[in-house]
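Residues per chain are reported as follows:
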Amino acid sequence: MIILLAQTNVYLQTIVTPANTRISNFAKGNYQDEKGDEFETVSAAIEIEVQAVSSLAVTPNQTSPTEIVAPNETLVREFEVCNTSNNADSYTITSATVSAPAQITAIYYDVDKDGIISSGDVKLELNQPLSNLVSPGSCIKILVRVDTKDIANNEQLKIELTALSNITNAVNGQAKASGVIINSGGKAAIFTDPVDPTLIPRKLVQDKASYVSGKNEQLNYEIVFRNSGDVEARNVVISDELPPE
C-alpha cells in the first residue's frame, strides 16, 4: 500500500494580488512501501508572476431618481472613480452628459474630497488625463456642476460620467467604466401658510391677526410659514419691516 501526502506552498490573499507578485508552488510526497520503508519526493518549484490588470468602477450607478431638483437651479453632483485593479492607476474623464434641458457647466477633480467645489479643486476638460496615481482599493471624487434650466415637474434628469484607465501595460488593455446619477424635476421652494399651501405665510401680533395696542405697549409678532415646494430652501432670509414709529 502506498500513501501519498501532498503539500503546497502557495501565496494567497483575501484582497487583490498586486501586479508583479511572484507565486511559487511545489508538491511534496511521503509514502511507505509494503516493507514499511518510508520515502519522500519533492517536485521542482513552479513560479508565476501576476501581471497588471486594468479595472475600475464609477459610482453611483442609479436606476431611479434619488433627489428632486427645481427649475433654474445650479447643483453639484458627486461621482467616485475607484481602482478595482491590482496596480496603481490614473484616469481620464472621457464623457460627461446630462439629459436636456439641463446643462453641465463644469467638471472638477475634488482634491480635498469634501464634496463641494472649492478653490483647491482642479477644473477638468474631457479627455484630459489626471496625473495623480490611485492605489488599488482607493477612489477619487469627481464633481459635476449642472444647471437644471427649465426642467419640468417629474422630468428625469440623468447625469452620466465615464472614466478611462490610463495604464498602458495591462494584459486586458485600458478598462473603461460609467456611473449614473438620476434626479427628478419638481416645484421650486415656496413659502406658504403652514396649514393651507394656497395662502401666504401667517403673521400674528399678540397671537391675533389684528390687534389694537395702547401707547408704549410691548408687542409680540409671530411669523409662521412652511416650504410647500419639492426642494430644499437654502440661505433663507426673513425680513419684517415695521412702519415708522
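Residues numbered from 1 in each chain as written. Predicted model: local features only at pLDDT ≥ 70, side-chain atom pairs only at ≥ 80, totals over all residues. Heavy atoms only, no water.

This part covers the overall build of the protein. Assigned secondary structure in the protein consists of zero helices and 17 strands. In terms of C-alpha radius of gyration, the protein reaches 32 Å, well past the compact-globule figure of 18 Å for 245 residues. If one aligns the C-alpha atoms of the protein with their principal axes, the spans along those axes are about 120 × 45 × 35 Å. Within the protein, the fraction of its 245 residues that count as buried is 31%. Expressed as a percentage of contacts within the protein between residues at least 6 apart in sequence, the contacts between residues at least 24 apart total 68%. On the protein, roughly 15600 Å² of surface is accessible, and the fraction owed to carbon and sulfur atoms is 50%. (Helix = DSSP H or I, 4+ residues; strand = E, 2+ residues; numbered from the N terminus. Rg over C-alpha atoms; globule rule 2.2 N^0.38 Å. Buried < 20%, exposed > 50% of the residue type's maximum accessible area, 1.4 Å probe, protein only. Contact = heavy atoms within 4.5 Å. Areas by Shrake-Rupley, 256 points an atom, 1.4 Å probe, with all protein chains shown as cover.)

Counted under the stated rule, the structure contains ten salt bridges. We note a salt bridge from E67 to R77, for which the minimum N-O separation is 3.4 Å. Taken together, the residues span a long stretch of sequence, with E67 in strand β6 (residues 67-69) and R77 in strand β7 (residues 74-83) at a distance of ten residues. Given the relative accessible area of 41%, E67 is considered partly exposed. A salt bridge links K141 to E80, with the shortest nitrogen-to-oxygen separation between them at 3.0 Å. One end of the pair, K141, is in strand β11 (residues 139-147); the other, E80, is in strand β7, and 61 residues separate them in sequence. Judged by its relative accessible area of 14%, K141 is buried. You can call E80 partly exposed: its relative accessible area is 24%. Via salt bridges that share partners, E73, E232 and R234 belong to a single interconnected network. (Salt bridge = Lys/Arg side-chain N within 4 Å of Asp/Glu carboxyl O.)

Taken together, the four strands give an open sheet; going across it, the order is β6-β13-β12-β8, and neighbouring strands pair in mixed fashion. In the strand order of this sheet, the two ends are held by β6 and β8 (91-98), each with one partner. Each strand axis lies, on average, 30° off the axis of its neighbour in the sheet, ignoring direction. When β6 meets strand β13 (residues 176-185), the two strands line up parallel, connected through three bridges. Paired with E67 across the bridge in β13 is N183. (Pairing = 2+ DSSP bridges. Axes fitted to C-alpha atoms, helices over the stretch in contact; angles between N-to-C directions.)

On to a nonpolar patch on the surface, then. Where nonpolar side chains cluster on the molecular surface, the patch consists of F191, I223, V236 and I238 and spans about 340 Å² of accessible area. Mapping I238 onto the fold places it in the segment after β17 (226-227). By relative accessible area, which is 58% here, I238 ends up exposed. (Patch = residues over 30% accessible without salt bridge, like charges linked within 9 Å, V, L, I, M, F, W, Y side chains within 5 Å.)

Before going further, it helps to spend a moment on the sheet that holds strand β9 (residues 103-109). Note: strands within a sheet are paired through backbone hydrogen bonds, in either parallel or antiparallel orientation. Read from one edge of the open sheet, five strands run β5-β7-β11-β9-β10, paired in antiparallel fashion. The open sheet has two edge strands, β5 (56-59) and β10 (122-124), and neither has a second partner. Strand-to-strand twist of the sheet, defined as the mean angle between neighbouring strand axes without regard to direction, takes the value 30°. Where β7 meets β11, nine bridges bridge the pair, whose relative direction is antiparallel. Each residue of the ladder has a partner; that of E78, found in β11, is L143.

Below, the discussion takes up the packing of aromatic side chains. Aromatic ring pairs are defined here through the distance separating the ring centres and the angle between the ring planes. For the coordinates displayed, the defined rule picks out two aromatic pairs. Ring centres of Y31 and F39 lie 5.2 Å apart, and the angle between their planes is 15°; this geometry places the pair in the stacked category. Its relative accessible area of 28% is what places Y31 among the partly exposed residues. (Phe/Tyr/Trp six-rings, centres within 6.5 Å; stacked < 30°, edge-to-face > 60°.)

On to the environment of A52. Of note, A52 is situated in the loop between β4 (46-49) and β5. Under the relative-accessibility criterion, A52 is labelled buried at 9%. Measuring from C-alpha to C-alpha, the distance between A52 and N87 comes to 6.2 Å, with 35 residues separating the pair along the chain. Once residues lying within four places of it in the same chain are set aside, the contact partners of A52 are A19, N86, N87, I167, N169, A170 and V171.

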